[in-house]
Amino acid sequence: MRAARALCSGLAALALAACGEAADAPSAADAGAPGVEVEHRALGTVAVGAEGAREAVTFDLPSDARAFALTLQTTPTALCLPAALEGGPGAPPVPAGWRARADDARRCADCPNPLVGRPGATTVLVPNGATSAGVGGGWWVDIACVDGETGAPTAAEVSVHLSVLRGEAPADAWLALPLVVAAPPSADHDRLQRAVDVAAETYAAAHIRFEPLHIVAHEGVRVVDDLDRDLPTVFADGAALPPGLPVFVVDRIGPPPAGPADAASLGAAGGIPGPVGLPGGPRSGIALALTPYDPSKPDPLGAVLAHELGHHLGLFHTSEPAGSPTDPLPDTADADGRNLMHWYVDATPGALSPHQIEVLRRSPWLTPTDPP
Ligand SMILES: [Zn+2]
């Protein structure tokens, strides 16, 4: 039985923030397990020229680097993405020239590392396909920017952020995802807690658990009429929350349903994946709509939360309603409505495939933790 109101909106959105910090020295955070750590670097701000001009940024990764997330954060109206991303021991994850070939110059569906550009900030997780090869070595990214609405080349200031996962966590090791759920004090916190519990059960299958988990009272923007315009305003409050991946609870996402058969969006993630850290950034968060539901039917909220977390950690849909290209994983059948990342979200969360779990566990959001 499908829940009519559990349609997932995927993502979208416009940005509001431009970052301009200078390049920092690399910093490493000990993740609590020998040989495994996550390193965050600010690679500085680059000015990408108009008229289709590009700007390249280089970086080096240590030999034990297993995965990295690269974020290009920019201004509200600009959409900046990797026109090419090459380096390391394998084939280029994002080959030069893909934008000229692609049907949609903001989405490389057939890149070895599929990516979707978003106004405000675009993040790419490498690798996000079925490979366990390392990523150590020298890298360069070629950045191109277009207007978020028209798609015309535009000049933009882009701050470049890198998070590197070093070392290998055994498949049976537990990983911690710091989660901050920010909800109005008047919201139904019992319903919210049930949703978190449902999502936690899904992620426990991947040996990932929410830790620390904060459910905090937060009075912010309550209605997201327009994803591009409103989500960055919602996410801006992340700078005032405890550290972690913020989930902002709102009353509504998108226009009100026109009738009982009209599906409403219950969730939206900042990206695939979303930025790692960068609190308050225009794509730094997940929105979850605490809309009324029919109590005689299962509540889809937990499944939606689990699904949006999947996006934010790097998972694409296994299938799309229009049949457009989807994730590069070999064990996610397009028509499998029982998968968590099917475009239509059931009230009961779908399962994760082994390759999806591998991708999730490469997210620099996750750090080792003790077994439960
Ligand atoms: Zn989705």
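Engineer: Is there a simple way to think about the overall build of the protein in this case?
Structural biologist: Within the protein, the secondary structure is distributed over five helices and 18 strands. When the 372 residues of the protein are sorted by exposure, 49% land in the buried category. In the protein, 77% of the contacts between residues at least 6 apart in sequence involve partners at least 24 apart.

Engineer: Quick question: what am I supposed to make of the nonpolar core here?
Structural biologist: Nonpolar side chains in soluble globular proteins tend to be buried together. Counting 98 residues, the largest nonpolar core has Phe 68, Cys 80 and Ala 287 as the members making the most contacts within it. Two domains each donate at least three residues to this core, and these are domain 1 (27-166) and domain 2 (175-368). Contacts of Phe 68, omitting those with residues within four sequence positions, involve Leu 61, Val 126, Val 135, Leu 162, Ser 163, Val 164 and Leu 165.

Engineer: Please explain unusual backbone geometry as it appears in this structure.
Structural biologist: Leaving glycine aside, a negative phi is the common case for residues, and trans is the common case for peptide bonds. Here the residue pair Val 126 and Pro 127 is connected by a cis peptide bond, since its omega of -5° sits within 30 degrees of zero. Here Pro 127 shows up in the loop between β8 (121-126) and β9 (137-147). Along the chain, Glu 211 connects to Pro 212 via a cis peptide bond; the corresponding omega equals -5°. The phi torsion at His 207 lies on the positive side, around 55°, for a residue other than glycine.

Engineer: Explain the packing of helix α2 (residues 189-204) against helix α4 (residues 301-313) to me, please; I cannot follow it from the model alone.
Structural biologist: For any two helices packed against each other, one specifies the crossing angle of their axes together with the interaxial distance. Two elements in contact, α2 and α4, have axes separated by 7 Å at closest approach and are oriented at 50°. Comparing their axes, α4 and α2 come out oblique. Of the two elements, α2 crosses α4, and the hand of that crossing is right-handed. Where α2 abuts α4, its residues Arg 191, Arg 194, Ala 195, Val 196, Asp 197, Val 198, Ala 199, Thr 202 and Tyr 203 lie against Leu 301, Gly 302, Ala 303, Leu 305, Ala 306 and Leu 309.

Engineer: Honestly, α4 in this entry has me stumped. Any pointers?
Structural biologist: Helical periodicity: at 3.6 residues per turn, an α-helix aligns residues three or four positions apart in one direction. Taking 1.5 Å per residue as the helical rise, α4 with its 13 residues ought to reach 18 Å, and the 18 Å between its terminal C-alpha atoms agrees with that figure. In terms of residue burial, α4 counts as a mostly covered element, since 13 of its 13 residues are buried. A positive backbone phi angle near 125° is found at Gly 314, which sits one or two residues after α4.

Engineer: Sorry, what's going on with the sheet that holds strand β5 (residues 78-87) here?
Structural biologist: The strands making up a sheet associate through hydrogen bonds between their backbones, and the pairing can be parallel or antiparallel. Pairing is antiparallel in the open sheet, where three strands are placed in the order β3-β9-β5. Both edges of this open sheet fall to β3 (55-61) and β5, since each of them pairs with a single strand only. Neighbour-to-neighbour, the strand axes of this sheet turn through a mean angle of 25°, independent of strand direction. As defined by bridge partners, β5 adjoins β9 across nine bridges and the pair is classed as antiparallel. When the bridges of β9 are listed, Leu 79 appears paired with Val 146.

Engineer: Help me out: how do you make sense of the pairing of strand β11 (residues 175-183) in this one?
Structural biologist: Regular strands have side chains that alternate between both faces of the sheet. Of all nine residues in β11, seven are buried, a share of seventy percent or more. Pairing analysis gives eight bridges linking β11 to strand β12 (residues 208-217), with the strands arranged parallel. Residue pairing across strands places Val 181 opposite Ile 215, the latter belonging to β12. As a crossover connection, the stretch from β11 through α2 into β12 is right-handed. Two strands pair when backbone bridges link them, and β11 and strand β18 (residues 367-368) are joined in this way by two bridges, in the antiparallel orientation. Within β18, the position partnered with Ala 176 by the bridge is Thr 367. Two strands pair when backbone bridges link them, and β11 and strand β14 (residues 245-250) are joined in this way by four bridges, in the parallel orientation. Counted as the bridge partner of Val 180 is Pro 246 from β14.

Engineer: It is not clear to me how the environment of Trp 343 should be interpreted in this structure. Could you clarify?
Structural biologist: Relative to the elements of secondary structure, Trp 343 occurs in the loop between α4 and α5 (354-360). Using a count of 18 C-beta atoms within 10 Å as the deciding quantity, one classes Trp 343 as partly exposed. A sequence separation of 25 residues divides Trp 343 from Thr 318, and the C-alpha atoms of the two residues are 7.1 Å apart.

Engineer: Explain the environment of Ala 264 here, please?
Structural biologist: Note on placement: Ala 264 falls in the loop between β15 (252-253) and β16 (267-269). Take Ala 264: there are 19 C-beta atoms within 10 Å of it, and that puts it in the partly exposed class. Sequence separation between Ala 264 and Ala 289 is 25 residues; the distance between their C-alpha atoms is 9.3 Å.

Engineer: Explanation requested: helix α3 (residues 227-236) in the structure shown.
Structural biologist: Every buried residue belonging to α3 is among Leu 227, Asp 230, Leu 231, Pro 232, Val 234 and Phe 235, and all of these are buried. Next to the buried residues of α3 lie β13 (223-224), β14, β16 and β17 (286-289).

Engineer: Could you clarify how one ought to interpret the environment of Gly 274 in this entry?
Structural biologist: Relative to the helices and strands, Gly 274 resides in the loop between β16 and β17. Residues Gly 274 and Leu 125, 149 residues apart in the sequence, show an inter-C-alpha distance of 9.3 Å.

Engineer: In this structure, what is going on with the confidence of the model for the protein? I would like to understand it.
Structural biologist: The predicted coordinates should not be examined in detail at positions where pLDDT is low. Confidence in the prediction for the protein averages 85 pLDDT; 88% of positions are at 70 or higher. Every residue in residues 1-32 scores below 50 in pLDDT, and together they form 115 contacts with partners more than four places removed in sequence or on other chains.

The rules behind these values
- Residues numbered from 1 in each chain as written.
- Predicted model: local features only at pLDDT ≥ 70, side-chain atom pairs only at ≥ 80, totals over all residues.
- Helix = DSSP H or I, 4+ residues; strand = E, 2+ residues; numbered from the N terminus.
- Buried ≥ 20, exposed ≤ 12 C-beta atoms within 10 Å, placed from the backbone.
- Contact = placed C-beta atoms within 7 Å.
- Core = buried A, V, L, I, M, F, W, Y, C linked by C-beta atoms within 7 Å.
- Domains from an automatic or database assignment.
- Axes fitted to C-alpha atoms, helices over the stretch in contact; angles between N-to-C directions.
- Parallel < 35°, antiparallel > 145°, perpendicular 65-115°, else oblique.
- Left-handed = near helix turned anticlockwise from the far one by under 90°.
- Expected span 1.5 Å × (residues − 1).
- Pairing = 2+ DSSP bridges.
- Right-handed = clockwise from strand over helix to strand, strands pointing away.
- pLDDT = per-residue confidence, 0-100.

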